[in-house]
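# Chain and residue survey
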Amino acid sequence: MRIFESIDQVNFEKNDGLIPAVIQDAQTRNVLMLGYMDKAALAQTLETKRVTFFSRSKQRLWVKGETSKNYLNLVSLHLDCDDDSLLVKVNPEGPTCHKGDDTCWAEVNENPSAFLDYLGEVIKRRKSDSPEESYTASLFAKGINKVAQKVGEEAVELVIEAKDNDADLFKNEAADLLFHYLMLLEIKDFSLNDIIQVLKERHK
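Only a predicted model underlies this, so the values are computations on that prediction, with no experimental measurement involved. The residue count restarts for each chain, going from 1 along the sequence in the order it is written. Given that the model is predicted, a residue must reach a pLDDT of at least 70 before its local features are reported, and side-chain atom pairs must reach 80 or more before they are shown or counted; all residues, however, enter totals for whole chains, interfaces and linings. The basis for every side-chain value is the complete set of non-hydrogen atoms in the structure, without hydrogens or water.

## Some points on the packing of aromatic side chains
Under the convention used in this document: For Phe, Tyr and Trp, rings pair up if their centres lie within 6.5 Å, where Trp contributes its six-membered ring, and each pair is then called stacked (planes under 30 degrees apart), edge-to-face (over 60) or tilted (otherwise). Criterion for a charge above a ring: Arg CZ or Lys NZ at most 6 Å from the ring centre, at most 35 degrees from the ring normal.
Under the counting rule described, the total for this entry stands at two aromatic pairs. Above the ring of Tyr 71, the side-chain terminus of Arg 50 is found at 3.7 Å from the ring centroid. Positioned above the aromatic ring of Phe 140, the side-chain terminus of Lys 127 is 5.9 Å from the ring centre.

## Regarding the pairing of strand E5 (residues 72-79)
Operational definition: A pair of strands counts as paired when DSSP detects no fewer than two bridges linking them. Elements are defined by DSSP. Helices are runs of H or I of four residues or more, strands are runs of E of two residues or more, and each kind is numbered from the N terminus.
Bridge analysis of E5 against strand E6 (residues 86-92) gives seven bridges, and the strand direction is antiparallel. Bridge assignment links Leu 79 to a residue of E6, and that residue is Leu 86. Counting the residues in the hairpin turn of E5 and E6 gives six residues, including Asp 83, whose phi is positive at 60°.

## Examining the environment of Leu 86
Operational definition: Two residues form a contact once any of their heavy atoms are found within 4.5 Å.
Tracing the chain through its elements places Leu 86 in strand E6. The sequence separation of Leu 86 and Glu 121 amounts to 35 residues, and the corresponding C-alpha distance is 21 Å. Each residue touching Leu 86, except ones within four places of it in the same chain, is listed here: Phe 4, Ile 19, Pro 20, Ala 21, Val 22, Met 37, Leu 42, Leu 77, His 78 and Leu 79.

## So, the sheet that holds E6
Here is the rule: Axis lines are fitted through C-alpha atoms, for helices just across the contact stretch, and the angle between N-to-C directions can take any value from 0 to 180 degrees.
Read from one edge of the open sheet, four strands run E2-E1-E6-E5, paired in mixed fashion. In this open sheet, the two strands that pair with only one neighbour each are strand E2 (31-37) and E5. Sheet twist, expressed as the average angle between the axes of neighbouring strands with direction ignored, equals 30°.

## What to know about the packing of helix H4 (residues 144-162) against helix H5 (residues 167-187)
Stated precisely, the cut-off is as follows: Every angle not falling under 35 degrees, over 145, or within 65 to 115 is termed oblique; those three ranges are roughly parallel, roughly antiparallel and roughly perpendicular. The sense of a crossing depends on the near helix, which, turned anticlockwise from the far helix by less than a right angle, makes the crossing left-handed and, turned clockwise, makes it right-handed. Gly is put with the polar residues, along with every residue not named as nonpolar or charged; the nonpolar set is Ala, Val, Leu, Ile, Met, Phe, Trp, Tyr, Cys and Pro, and the charged set is Asp, Glu, Lys and Arg.
One can describe the packing of H4 onto H5 by two numbers: an axis separation of 9 Å at closest approach and a directional angle of 160°. The pairing of H4 with H5 is recorded here as roughly antiparallel in orientation. Here H4 and H5 pass one another in a crossing that is left-handed. Contact with H4, carried on its side by Ile 144, Val 147, Ala 148, Lys 150, Val 151, Glu 154, Ala 155, Glu 157, Leu 158, Glu 161 and Ala 162, involves Leu 169, Phe 170, Glu 173, Ala 174, Asp 176, Leu 177, His 180, Tyr 181, Met 183, Leu 184 and Ile 187 of H5 and no other residues of that element. When its residues are assigned to classes, the contact of H4 with H5 shows 15 nonpolar, one polar and six charged.

Dropping the structure here:
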């Protein structure tokens, strides 16, 4: 996927100065809406980190959420192969559609398993953070032996909780194990998708 680098990359000439912007939830990966941006709207989006469109009906810049407060917080931008449309990944605050639906197609914006991919990306970024400011970065800084040891500790704690009947403790220990397992994959330069592929091949 092409990462957006500069406004100068974008071809605004094909459609009278406007480009379509497909808005996608960065966590669920569901498409939320379609809007249009001109150069000023894109510049304001980059500056404020809140998605701004050019309203064709009002003929002005329009910040999504300026009335409803259901803002679209910018995560990343991606250009298509012709440099004339954008994929805008966001973290939405509330429903996106003006009718109160999660998306403009009246779909429910849920996809819990997609959060694992998002979490994997966050963990990957944490590798370059300061160990003083991030637990994840501090554990990465201690090396693979410490990360692997932590996975083992969390696995044992999960087994212990599995023998009891406290559902909340069990779920929390399961979450701890999964988080540190994703860290172990990252420090080994693998992703969850690599493991899923192994499972798919076994399933054949």
